[in-house]
Amino acid sequence: MNNNAEDIKTLVREKYTEIAFQDKTTNETTCCGVGATGGTYTIMADSYANLPGYNPDADLGLGCGLPTQFAQINAGDTVLDLGSGAGNDCFVARAETGAEGKVIGVDFTPEMIKRARVNAEKRGFNNVEFRQGDIEDLPVTDASVDVVVSNCVLNLVPDKAKVFSEIFRVLKPGGHFSISDVVLLGDLPDNLKNAAEMYAGCVSGAIQMDDYLELARAAGFEELTVQKQKPILIPDEILLEYLSPENLKTFAASGTGILSITVFAKKPGARPVKPKLKLIELTQANAGACCEPGSGCC
C-alpha cells in the first residue's frame, strides 16, 4: 500500500463509498466493512440497541465502541461527531442534547452524507446537520462545540496529530471529547501493515496506544482518561487472507494486541453557563415600566 497521505485518503473514500451501500451484517463480520467475512462473528462493533435515540437504519455496524454512552452530554449541548457515517452516533447524541441542542456530523464520503441526511429528514430532526469535510480540516467554527464524539475513525486518518489539534480548536473552553478508536500494543506483521484492506478496515492505520494518548496531550488536552478498553480478536480466516499459516502462528505468539479504547479528555477552561430565559409576567406593578408608543424612551 502506498503511504502517501492523499493516496490513503483516496483509498478510504473509495472503500467507504462501497461500505455506504453494504448491510450492517456484512460490515460487522468484517474489519469495518472490508476484507474477508468472519462468518457470524461481530468483530468490532458494540450493540447500540439499548441506547435512547438508536435508529437501526442509521447503524452500519462500523463502530468499535459506544462513545456517546460515555460522552457526558447535557441537554442543550452542541455535539460534533467526527466520521458520522449514516448518522448513528448523531441520533444517539440528539437523544441526550434534546431538541434545544444541536448535533453536527462531519464525514469525508459524499454517499455517507447523503444517507445520513435522508435518515435525519425521515425523522424530522431539524437540529441535526451533516457536513462533508476532512476531519484534518474541520468545517466548524472555533470554540463552538461542547462535546466531540467519534467512533472508529481517527485510525483512518494519516495526520492524527492534526485531528486532535482541530478537535481542540472547535471545542469551547471546558469542552471535552469521548472517542472510541482502534490502537495497538506491539507491532503488526508487515503484510498486515501494507494491506490496503487492513488500512480501510481500521487495523493497519492504528498506532500504538501510548502514542495515541500522547497526541491528545500534545494538543493541549487534560484529564485524559481511558473510559473503556477491550481486545479486538480478528478471526484466523480473515488473517489468512494476508498471512501465511506460519506467519499467523508467529503473530499469535507475538503478544501483539489490537484494542478498542474509548478515551475522554477535556480542553482547559470553564464551560460557559448557558443563560436561562425568563418570562416576565406583566402585572399591574410593572405595567408602567414600558413607554408609550412613539415616546422615544424605549
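Residues numbered from 1 in each chain as written. Predicted model: local features only at pLDDT ≥ 70, side-chain atom pairs only at ≥ 80, totals over all residues. Heavy atoms only, no water.

**Student:** What should I look at first to understand unusual backbone geometry in this one?
**Tutor:** For residues other than glycine, phi is negative in most cases, and the peptide bonds are mostly trans. A positive phi is found at Gln-72, a non-glycine position, where the angle reads about 55°. Inspection of the secondary structure assignment puts Gln-72 in the loop between α3 (67-70) and β1 (78-82). The backbone of Cys-152 sits at a positive phi, close to 60°, despite the residue not being glycine. Note on placement: Cys-152 falls in the loop between β4 (145-151) and α6 (160-170). (Helix = DSSP H or I, 4+ residues; strand = E, 2+ residues; numbered from the N terminus.)

**Student:** Just to check I follow, could you spell out the environment of Ile-19 for this structure?
**Tutor:** Tracing the backbone through its elements, the reader meets Ile-19 in helix α1 (residues 5-19). Taking relative accessible area as the criterion, Ile-19 reaches 1% and is therefore assigned buried. Considered as a pair, Ile-19 and Glu-111 are 92 residues apart in the sequence and their alpha carbons are 9.4 Å apart. (Buried < 20%, exposed > 50% of the residue type's maximum accessible area, 1.4 Å probe, protein only.)

**Student:** Help me understand α6, please; the structure alone is not making it clear to me.
**Tutor:** Side chains of residues three or four places apart in an α-helix project in the same direction, reflecting 3.6 residues per turn. Along α6, the residues that are buried comprise Lys-160, Val-163, Phe-164, Glu-166, Ile-167 and Val-170. In a view along the axis of α6, the buried residues occupy a sector of 160°, so they form one face of it. (Arc of directions from axis to C-beta.)

**Student:** What exactly am I supposed to notice about empty space enclosed by the protein here?
**Tutor:** To find leftover empty space, a probe the size of one water molecule is rolled over the atoms. Counted according to the given criterion, the structure contains 1 cavity of 30 Å³ or more. Taken as a whole, the largest cavity encloses approximately 520 Å³ of empty space. Forming the walls of the largest cavity are 36 residues, and the residues nearest its centre are Tyr-16, Gly-83, Gly-85, Asp-107 and Val-153. Taken together, the elements giving at least two residues each to the lining of the largest cavity come down to α1, α4 (88-97) and β4. A per-element tally of the lining of the largest cavity places α1 first, with 4 residues. Grouping the amino acids of the lining of the largest cavity by side-chain chemistry returns 17 nonpolar, 12 polar and 7 charged. (1 Å grid on protein atoms, 1.4 Å probe; cavity = no way out; pocket = protein on both sides within 12 Å on 5 of 7 lines; lining within 4 Å. Points joined across faces, edges and corners; volume = space filled by probe spheres on them. Nonpolar A, V, L, I, M, F, W, Y, C, P; charged D, E, K, R; others polar.)

**Student:** What's the story with the packing of α6 against helix α9 (residues 209-218) in this structure? I'm lost.
**Tutor:** Helix-helix packing is described using two parameters, namely the angle between the two axes and the distance between the axes. Relative orientation of the contacting elements α6 and α9 amounts to 40°, with a least axis distance of 9 Å. Here α6 is positioned oblique relative to α9, judged by the angle of their axes. Considering how the two elements wind past one another, α6 and α9 form a crossing that is right-handed. Together, Lys-160, Ala-161 and Phe-164 of α6 and Tyr-212, Leu-215 and Ala-216 of α9 make up the contact between the two elements. By residue class, the composition of the contact of α6 with α9 is 5 nonpolar, no polar and 1 charged. (Axes fitted to C-alpha atoms, helices over the stretch in contact; angles between N-to-C directions. Parallel < 35°, antiparallel > 145°, perpendicular 65-115°, else oblique. Left-handed = near helix turned anticlockwise from the far one by under 90°. Contact = heavy atoms within 4.5 Å.)

**Student:** Help me understand the sheet that holds strand β2 (residues 102-107) in this model?
**Tutor:** Strand-to-strand pairing in sheets goes through backbone hydrogen bonds, with the strands running parallel or antiparallel. The sheet built from 7 strands is open, its strands ordered β3-β2-β1-β4-β5-β7-β6 with mixed pairing. One side of each edge strand has no neighbouring strand; the edge strands of this open sheet are β3 (128-132) and β6 (222-231). Strand-to-strand, the axes of this sheet are offset by a mean angle of 20°, without reference to chain direction. Here β4 pairs with strand β5 (residues 171-185) via 6 bridges, running parallel. Each bridged residue has a counterpart across the sheet, and for Ser-150 the counterpart in β5 is Ile-179. (Pairing = 2+ DSSP bridges.)

**Student:** In this structure, what is going on with the layout of surface pockets? I would like to understand it.
**Tutor:** Taken as a whole, the largest pocket encloses approximately 250 Å³ of empty space. Ile-232, Leu-233, Leu-239, Phe-251 and Thr-256 are the residues nearest the centre of the largest pocket, which is lined by 14 residues in total. Among the secondary structure elements, those contributing two or more residues to the lining of the largest pocket are α10 (236-239), α11 (245-253) and β7 (257-266). For the lining of the largest pocket, the residue count by class is 10 nonpolar, 3 polar and 1 charged.

**Student:** Can you help me understand the packing of aromatic side chains in this one?
**Tutor:** Any pair of aromatic rings gets described here by the distance separating the centres and the angle formed by the planes. Scanning the model with the defined rule gives 7 aromatic pairs in all. A ring pair is formed by Phe-164 and Tyr-212, whose centres lie 5.5 Å apart and whose planes are at 85°; its orientation type is edge-to-face. Here Phe-164 is found in helix α6, whereas its partner Tyr-212 is found in helix α9, with 48 residues between them in sequence. Each member of the pair, Phe-164 together with Tyr-212, is buried. (Phe/Tyr/Trp six-rings, centres within 6.5 Å; stacked < 30°, edge-to-face > 60°.)

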